[in-house]
Amino acid sequence: MNPPYKLYGCKRCGSVPIEMALAEVGAPAEILELDFAGNEQWGDAYRKVNPLGRIPALELPDGTIVTESAACLLIVCERHPEAGLLPPANSSDRGRLYRWLMFASNNIYEAIGRVDYPDRYVEDKAAAPGAERVAMKDLERFWQMVETHLKPGPYALGQRYSALDLYLSVLARWSVRDWVIDNCPRLADMVRVTAARPKVAPVWQYHFGSEPI
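Structural notes, computed from the coordinates. Source: prediction; values computed, not measured. (Residues numbered from 1 in each chain as written. Predicted model: local features only at pLDDT ≥ 70, side-chain atom pairs only at ≥ 80, totals over all residues. Heavy atoms only, no water.)

1. Here we look at the state of the cysteines
Logical step 1: For the structure shown, the criterion picks out zero disulfides.
Logical step 2: Considering cysteine sulfurs only, Cys-72 is the nearest to Cys-77, which forms no disulfide, with 11 Å between them.
Logical step 3: Residue class for Cys-77 comes out buried when judged on its relative accessible area of 3%. (Disulfide = S-S within 2.5 Å. Buried < 20%, exposed > 50% of the residue type's maximum accessible area, 1.4 Å probe, protein only.)

Right under this line is the structure:
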């Protein structure tokens, strides 16, 4: 048996989609949970893994370190094609998955960061509430774009379950939850279906409890 993957993460954080993907593919994995509240991610030990101090980081069986949540997710799915979490390389759905995965990583994830930590984006701390309001508006606009472009369910790509469902589900669970439920019914249904999948459900419940969204 190959050495296990090592996933550096924390509860309810950006490592969750990768943890769910590892569960789906059935790969042996060691989950190294950092003390986020205690700022362990900023410590010297983890900075040797990821100099930016950001979560997640994934150590491959050969010792290679991969950072950035979308990259970690893709490498797991690519290394385990038998799990079917990526559409065929020459399919239109592969293009759709890449588009919306990168859209979510570059825009939605970033906007969530501005909502959660607005003071990091301004020089004058008094401007932080305004920065947070702008980020919330961006987040709602981004989610509405995703809702509009989702294929008829139950998943983001229609009938085909994929890595995109894992990623979008976690980001939706984090952000403007009530707004998503009220304004993005297709997205909310996708989260519910994804969270209930047999291999995903235990991971989801550990991080988010029994409510899917």
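There is more to say, and it comes next.
2. Considering unusual backbone geometry
Logical step 1: Ile-55 connects to Pro-56 through a cis peptide bond whose omega is 15°.
Logical step 2: Following the sequence through the fold, Pro-56 ends up in the loop between α2 (44-47) and β3 (57-59).
Logical step 3: Following Gly-153, the chain continues to Pro-154 via a peptide bond in cis, the omega torsion being 10°.
Logical step 4: Inspection of the secondary structure puts Pro-154 in the loop between α5 (128-149) and α6 (163-174).
Logical step 5: Positive phi is not limited to glycine here, since Arg-12 has a value of about 70°.
Logical step 6: As for its placement among the helices and strands, Arg-12 is situated in the loop between β1 (5-9) and α1 (16-25). (Helix = DSSP H or I, 4+ residues; strand = E, 2+ residues; numbered from the N terminus.)

3. Here we look at the packing of aromatic side chains
Logical step 1: Enumeration over the complete set of coordinates arrives at six aromatic pairs.
Logical step 2: Between Tyr-155 and Tyr-161, the aromatic rings sit 5.2 Å apart at their centres with planes inclined by 50°, giving tilted as the arrangement.
Logical step 3: Here Tyr-161 falls in the buried class, since its relative accessible area comes to 10%.
Logical step 4: Relative to Phe-208, the ring of Trp-204 lies with its centre 4.6 Å away and its plane at 55°, an arrangement referred to as tilted. In this pair, Trp-204 and Phe-208 are both assigned in helix α9 (residues 201-208), four residues apart and thus about one turn of the helix distant.
Logical step 5: Among the residues examined, Trp-204 registers a relative accessible area of 1% and is labelled buried. (Phe/Tyr/Trp six-rings, centres within 6.5 Å; stacked < 30°, edge-to-face > 60°.)

4. Regarding the environment of Ile-213
Logical step 1: By the element assignment, Ile-213 lies in the segment after α9.
Logical step 2: Taking C-alpha positions, Ile-213 is 18 Å from Ala-163, a pair spaced 50 residues apart along the chain.
Logical step 3: Aside from chain neighbours lying at most four places away, what touches Ile-213 is Ala-172, Arg-173, Arg-177, Val-180, Ile-181, Ala-188, Val-191 and Arg-192. (Contact = heavy atoms within 4.5 Å.)

5. Overview of the nonpolar core
Logical step 1: Among the nonpolar cores identified, the biggest contains 60 residues, and Leu-73, Ile-108, Trp-143, Val-146 and Leu-187 are the most heavily contacted of them.
Logical step 2: The greatest single-element share of this core, amounting to nine residues, is contributed by helix α4 (residues 92-116).
Logical step 3: Residues within four places of Leu-73 in sequence aside, it is in contact with Pro-17, Ile-18, Ala-21, Leu-101, Ala-163, Leu-166 and Tyr-167.
Logical step 4: Listed in part, the eight residues of the second largest apolar core include Tyr-8, Cys-13, Val-49 and Ile-55. (Core = buried A, V, L, I, M, F, W, Y, C linked by side-chain atoms within 4.5 Å.)

6. What about α9?
Logical step 1: Among the residues of α9, those classed as buried are Ala-201, Val-203, Trp-204, His-207 and Phe-208. The buried side chains of α9 occupy one side of the element, clustering within an arc of 160° when seen end-on.
Logical step 2: The secondary structure elements touched by the buried residues of α9 are α1, α6 and α8 (185-195). (Arc of directions from axis to C-beta.)

7. Some points on the side chain of Glu-59
Logical step 1: With respect to the helices, strands and loops of the structure, Glu-59 is situated in strand β3.
Logical step 2: Apart from residues no more than four positions distant in its own chain, Glu-59 is found in contact with Tyr-5, Lys-6, Tyr-8, Thr-64 and Ile-65.

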